[in-house]
Amino acid sequence: MTRILLALFALAASPAAAQDGPAAGGRPSDGLLVRPDLQALVDLQVRRDGASLAARLDDTDPAVRARAAFALASVQDTSAVPALLDALGDSDSRVRADAAFALGQTADSTAAGELLEALGREPDATVRARLLEAVGKTGGSAALGRLAETAPRPAEEWARAMAIARFGLRGVHHAPATAWLAGLLTSDDPARREAAAYAFGRWS
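Just so you know, these numbers come straight off a predicted model, no measurement behind them. (Residues numbered from 1 in each chain as written. Predicted model: local features only at pLDDT ≥ 70, side-chain atom pairs only at ≥ 80, totals over all residues. Heavy atoms only, no water.)

Peer 1: Mind showing me how you'd approach the overall build of the protein chain here?
Peer 2: The secondary structure content of the protein chain amounts to twelve helices and zero strands. Sequence-ordered secondary structure for the protein chain, helices as α and strands as β, is α-α-α-α-α-α-α-α-α-α-α-α. Considering the protein chain as a whole, with its 204 residues, one finds that 49% of them fall into the buried category. Here the protein chain displays about 9100 Å² of accessible surface, and carbon together with sulfur accounts for 56% of that area. (Helix = DSSP H or I, 4+ residues; strand = E, 2+ residues; numbered from the N terminus. Buried < 20%, exposed > 50% of the residue type's maximum accessible area, 1.4 Å probe, protein only. Areas by Shrake-Rupley, 256 points an atom, 1.4 Å probe, with all protein chains shown as cover.)

Peer 1: When you look at the pattern of salt bridges in this model, what are you seeing that I'm missing?
Peer 2: Where charged atoms from two side chains of opposite charge come close, those side chains can pair. Considering all chains together, one arrives at 14 salt bridges under this definition. Note that Asp30 is salt-bridged to Arg27, the shortest N-O span being 3.0 Å. The buried category is assigned to Asp30, whose relative accessible area is 13%. Taking the shortest distance from any N to any O, the salt bridge between Asp90 and Arg65 comes out at 2.7 Å. Placement of Asp90 in the loop between helix 5 (81-87) and helix 6 (93-106) and of Arg65 in helix 4 (residues 62-75) is noted, with a sequence separation of 25 residues between them. With respect to burial, Asp90 and Arg65 carry one shared label: buried. Connected through shared salt-bridge partners, Arg27, Asp30, Arg67 and Asp98 make up one network. (Salt bridge = Lys/Arg side-chain N within 4 Å of Asp/Glu carboxyl O.)

Peer 1: Is there a simple way to explain the layout of surface pockets in this structure?
Peer 2: Which parts of space are left empty comes out when a probe the size of a water molecule is rolled across the atoms. Of the volumes computed, that of the second largest pocket is approximately 180 Å³. Residue lining of the second largest pocket: 13 residues in total, with Leu119, Arg128, Leu147, Thr150 and Glu156 positioned closest to the centre. Put simply, the parts of the chain that give the lining of the second largest pocket at least two residues each are helix 7 (112-121), helix 8 (125-138) and helix 9 (141-149). Broken down by element, the lining of the second largest pocket gets its largest block of residues, three residues, from helix 7. Looking at the lining of the second largest pocket residue by residue, the class counts come to six nonpolar, two polar and five charged. (1 Å grid on protein atoms, 1.4 Å probe; cavity = no way out; pocket = protein on both sides within 12 Å on 5 of 7 lines; lining within 4 Å. Points joined across faces, edges and corners; volume = space filled by probe spheres on them. Nonpolar A, V, L, I, M, F, W, Y, C, P; charged D, E, K, R; others polar.)

Peer 1: Would you mind going over the environment of Leu132 with me for this structure?
Peer 2: One can find Leu132 in helix 8. Sequence-wise, Leu132 and Ala159 are 27 residues apart; in three dimensions their C-alpha atoms are separated by 6.4 Å. If we skip the residues at most four places from it in the chain, Leu132 touches Leu119, Leu147, Glu156, Ala159, Arg160 and Ala163. (Contact = heavy atoms within 4.5 Å.)

Peer 1: Any chance you could explain the packing of aromatic side chains here in plain terms?
Peer 2: To describe a pair of aromatic rings, one takes the distance between the centres and the angle between the planes. Overall, the coordinates contain two aromatic pairs when judged by the stated rule. Pairing Phe70 with Phe101 gives two aromatic rings, centres 6.0 Å apart and planes at 20°, and the pair type is stacked. In this pair, Phe70 is assigned in helix 4 and Phe101 in helix 6, connecting sequence segments 31 residues apart. You'll find Phe70 and Phe101 in the same group, each marked buried. Aromatic side chains Phe200 and Trp203 sit 5.3 Å apart centroid to centroid with 80° between the ring planes, which places their arrangement in the edge-to-face category. Taken together, the positions of Phe200 and Trp203, both in helix 12 (residues 190-203) and three residues apart, correspond to about one turn of that helix. For Trp203, a relative accessible area of 22% gives the class partly exposed. Above the face of the Phe70 ring, Arg27 is positioned so that its terminal group lies 4.7 Å from the ring centre. (Phe/Tyr/Trp six-rings, centres within 6.5 Å; stacked < 30°, edge-to-face > 60°. Lys NZ or Arg CZ within 6 Å of the ring centre and 35° of its normal.)

Peer 1: Hey, could you run me through the nonpolar core in this one?
Peer 2: Buried together is how nonpolar side chains tend to be arranged in soluble globular proteins. Counting 60 residues, the largest nonpolar core has Leu84, Leu88, Leu103, Leu115, Leu131, Leu147 and Leu181 as its most contacted members. Of the residues forming this core, the biggest block, nine residues, is contributed by helix 4. Setting aside anything within four residues of it in sequence, one finds Leu88 in contact with Arg96, Ala99, Ala100, Leu103, Glu114, Leu115, Ala118, Arg121 and Leu131. (Core = buried A, V, L, I, M, F, W, Y, C linked by side-chain atoms within 4.5 Å.)

Below, the structure is given as structure tokens:
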């Protein structure tokens, strides 16, 4: 019964619930409620055993690797950052997405450069959104400048806007990025307008 309750808790703690702005998509189901091996990772998460979770990032099963990365997001163990950065190159997009989310939650500024490098090569839209989120939570002025110099893909303008908003919430600003964000206030897309308004509203 304890493991089932822990599993339900872990399901509720989705990336969407951890957003500090308009909601993004939740985490896909991985069969946690019927898989003892995944429930064991929840036990490690509750015990805040970052080292054991980081070791599971090398598991042969991508569901285990992804769940371990996701668990590390709440543990926020900075010693796991190198393993999470390696996981950004995983063959499974679920692992890459959860690793990016976990890196953002660590707020470790040393990860920002490699997050941007991963963004430059990442083809999956969901992973890219998580990478942008993580960059916004970890990067400094140099990272924001690099982000501002890169033309956004039309489909991810919302995620980019939220990333810039998160930079600003930490007091990191860049004139071209702010100007781009201001331009979204007159966008035909209400989601883009909402993201820009959210940023400027939280900065004031």
